[in-house]
Amino acid sequence: MKEIESVKESGGYLNRYQHESSCCNSEMTFSVYLPPQARSNAVPALYWLSGLTCTDDNARTKGGFQRFAAQHGIAIVFPDTSPRGDQVADEAERYDLGQGAGFYVNATQQPWQPNYQMFDYVTRELPALVEANLPLLPGVKSVSGHSMGGHGALICALKCVDEFRSVSAFAPIANPVNCDWGKGCFSAYLGDDSAAWEAYDASCLVEAGARVGDILIDQGEGDEFLHEGQLLPDNFKSVCDAAGQSVAIRMQPGYDHSYHFIASFIEDHFEFHARHLK
């Protein structure tokens, strides 16, 4: 774990690191914001999973998270969205498959399987690494994310119910087995058996019996991908209502899919997670 950048912000430090990942068989880059409270005490952590085409850099520079993390004494861990490098499989002509589009699954198909083990990376390898090397409270963590990362946050919480204390999302891909983005990536990473896809679909997981505490989701009503049928929040809400899974999906008039939308409501999400982490 090698520090490659450190910037003071809101009384704490926004640091960037690289390490050799055993899960992804590649060098991975990630960022961590350590709030000022971390100078004297170990602090809880919020894992932020970003969306298609993003790196760890998008959210840490566009979301305005650090001010609220400092207020609540919560660290933020920003993983990358996929393995990267010349030796890592990619579809350079596509933004929704390959590097920048790991979809937070453990790939089983070639040529993706050797590197694209993002579910294990964000739920197992990265938490163990940062908790061993930084002033983070062991096992005291929550998860959130945007779009593909919102999908990732939901499945991480639903599949690892003892690992994350709370979960929220912005415009998540909530039923990927039924949208073009999900079908395209899942067929490549997981093969043609759609039953294997359901293990990485939040709607299918809830329908199959997975449960967590309260879920907070914000969705912009002006989101172009909502209207293209990629996000499907109504499907997730219907499944949760039928299963008795508590979920608040707040439809926000006029907001799109961008970080302008996220920055407008991220304070509410930090307050939500702080109640569970403290």
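In case you missed it, the structure is sitting above this.
Predicted model only: the values in this text are computed from it and were never measured.

Asks: What am I meant to see in the overall build of the protein chain here?
Replies: A count of helical and extended segments in the protein chain gives ten helices and nine strands. On C-alpha atoms alone, the protein chain measures out to a radius of gyration of 17 Å, which is about the 19 Å that the 2.2 N^0.38 rule sets for 278 residues. Just so you have it, the protein chain exposes about 10600 Å², and 45% of that area is on carbon and sulfur atoms.

Asks: What's the story with the nonpolar core in this structure? I'm lost.
Replies: Note that soluble globular proteins tend to have their nonpolar side chains buried in a common cluster. Among the nonpolar cores identified, the biggest contains 96 residues, and Trp48, Phe65, Phe103, Tyr121, Tyr189, Phe236 and Phe270 are the most heavily contacted of them. Here this core takes eight residues from helix α10 (residues 259–277), the largest share from any one element.

Asks: Is there a simple way to think about the pairing of strand β4 (residues 43–49) in this case?
Replies: The two faces of the sheet receive side chains in turn, since in a regular strand these alternate between them. Judged by how many residues are buried, β4 sits mostly within the fold: seven of seven residues are covered. Inspection of the sheet shows β4 paired to strand β6 (residues 136–145) by six bridges, in the parallel sense. Across the sheet, the residue bridging to Leu46 is Ser142, located in β6. Looking at chain direction, β4 and strand β5 (residues 75–78) are connected through three bridges and run parallel. Within the sheet, the bridge partner assigned to Tyr47 lies in β5 and is Val77.

Asks: Honestly, the pattern of salt bridges in this entry has me stumped. Any pointers?
Replies: Pairing between side chains of opposite charge can happen when their charged atoms approach one another. Enumeration over the complete set of coordinates arrives at ten salt bridges. Close ionic contact of Arg16 with Asp56 constitutes a salt bridge, the shortest N to O distance being 2.8 Å. On the criterion of sequence distance, the pair formed by Arg16 in strand β2 (residues 12–21) and Asp56 in the loop between β4 and α1 (57–62) is long-range, its members being 40 residues apart. According to the relative accessible area criterion, Arg16 is buried, its value standing at 19%. Asp56 gets classed as buried once you look at its relative accessible area, which sits at 1%. In this structure, the salt-bridge partner of Arg250 is Asp268, at a minimum N-O distance of 2.9 Å. Of this pair, Arg250 sits in strand β9 (residues 247–252) while Asp268 sits in helix α10, and the two are 18 residues apart along the sequence. The class for Arg250 is partly exposed, based on a relative accessible area of 27%.

Asks: Help me understand unusual backbone geometry, please; the structure alone is not making it clear to me.
Replies: Negative phi values dominate among residues other than glycine, just as trans dominates among peptide bonds. With an omega dihedral of 0 degrees, the bond running from Gln110 to Pro111 counts as a cis peptide bond. By secondary structure assignment, the location of Pro111 is in the loop between β5 and α3 (118–133). The phi dihedral of Ala171 falls on the positive side, at around 45 degrees, and the residue is not glycine. By the secondary structure assignment, Ala171 is in the loop between β7 (167–170) and α5 (180–190). Looking at Ala171, the relative accessible area reads 0%, which means it is buried.

Asks: Looking at this structure, I do not really get the environment of Pro135. What am I missing?
Replies: Its location among the elements puts Pro135 in the loop between α3 and β6. Separated by 94 residues in the primary sequence, Pro135 and Asn41 have C-alpha atoms spaced 6.9 Å apart. Among all residues touching Pro135, those that are not within four sequence positions of it are Leu34, Ala38, Asn41, Ala42 and Val43.

Asks: Help me out: how do you make sense of the packing of aromatic side chains in this one?
Replies: Aromatic ring pairs are described here by two measures, namely the spacing of the ring centres and the angle between the planes. Tallied over the entire structure, the rule returns 17 aromatic pairs. Ring geometry for Tyr116 versus Tyr189: centroids 5.5 Å apart, planes at 25 degrees, classification stacked. Separated by 73 residues along the polypeptide, Tyr116 in the loop between β5 and α3 and Tyr189 in helix α5 bring together distant segments of the chain. By relative accessible area, Tyr116 is classed as buried at 0%. Note on Tyr189: relative accessible area 0%, which makes it buried. On the basis of an interplanar angle of 70 degrees and a centroid distance of 6.0 Å, the ring pair of Phe119 and Tyr200 is categorised as edge-to-face.

Asks: What am I meant to see in the packing of α3 against helix α4 (residues 148–159) here?
Replies: Packed helix pairs are characterised by how far apart their axes lie and by the angle those axes make with each other. For the pair α3 and α4, the least separation of the axes is 11 Å and the interaxial angle reads 60 degrees. The handedness of the crossing between α3 and α4 is right-handed. Contacts between α3 and α4 involve Phe119, Val122 and Thr123 on the former and, on the latter, Ile155, Cys156 and Lys159. For the contact of α3 with α4, a count of residues per class yields four nonpolar, one polar and one charged.

Asks: Can you walk me through the layout of surface pockets in this structure?
Replies: Over the atoms, a rolling probe the size of a water molecule traces out where space has been left empty. Considering only enclosed or pocket space, the largest pocket measures out at about 230 Å³ in volume. Leu52, Thr53, Cys54, His146 and His257 are, among the 14 residues lining the largest pocket, the residues nearest its centre. Of the residues assigned to the lining of the largest pocket, the class counts are six nonpolar, seven polar and one charged.

Asks: Looking at this structure, I do not really get the packing of helix α2 (residues 65–72) against α10. What am I missing?
Replies: Look at α2 against α10: their axes get within 9 Å of each other, and the N-to-C directions meet at 20 degrees. Put simply, α2 runs roughly parallel to α10. Two packed elements cross with a definite hand, and for α2 against α10 that hand is right-handed. In contact with Phe65, Phe68, Ala69 and His72 of α2, α10 contributes Ile262, Ile266, Glu267, Phe270, Glu271 and Ala274.

Definitions and limits used
Residues numbered from 1 in each chain as written. Predicted model: local features only at pLDDT ≥ 70, side-chain atom pairs only at ≥ 80, totals over all residues. Heavy atoms only, no water. Helix = DSSP H or I, 4+ residues; strand = E, 2+ residues; numbered from the N terminus. Rg over C-alpha atoms; globule rule 2.2 N^0.38 Å. Areas by Shrake-Rupley, 256 points an atom, 1.4 Å probe, with all protein chains shown as cover. Core = buried A, V, L, I, M, F, W, Y, C linked by side-chain atoms within 4.5 Å. Buried < 20%, exposed > 50% of the residue type's maximum accessible area, 1.4 Å probe, protein only. Pairing = 2+ DSSP bridges. Salt bridge = Lys/Arg side-chain N within 4 Å of Asp/Glu carboxyl O. Contact = heavy atoms within 4.5 Å. Phe/Tyr/Trp six-rings, centres within 6.5 Å; stacked < 30°, edge-to-face > 60°. Axes fitted to C-alpha atoms, helices over the stretch in contact; angles between N-to-C directions. Left-handed = near helix turned anticlockwise from the far one by under 90°. Nonpolar A, V, L, I, M, F, W, Y, C, P; charged D, E, K, R; others polar. 1 Å grid on protein atoms, 1.4 Å probe; cavity = no way out; pocket = protein on both sides within 12 Å on 5 of 7 lines; lining within 4 Å. Points joined across faces, edges and corners; volume = space filled by probe spheres on them. Parallel < 35°, antiparallel > 145°, perpendicular 65-115°, else oblique.

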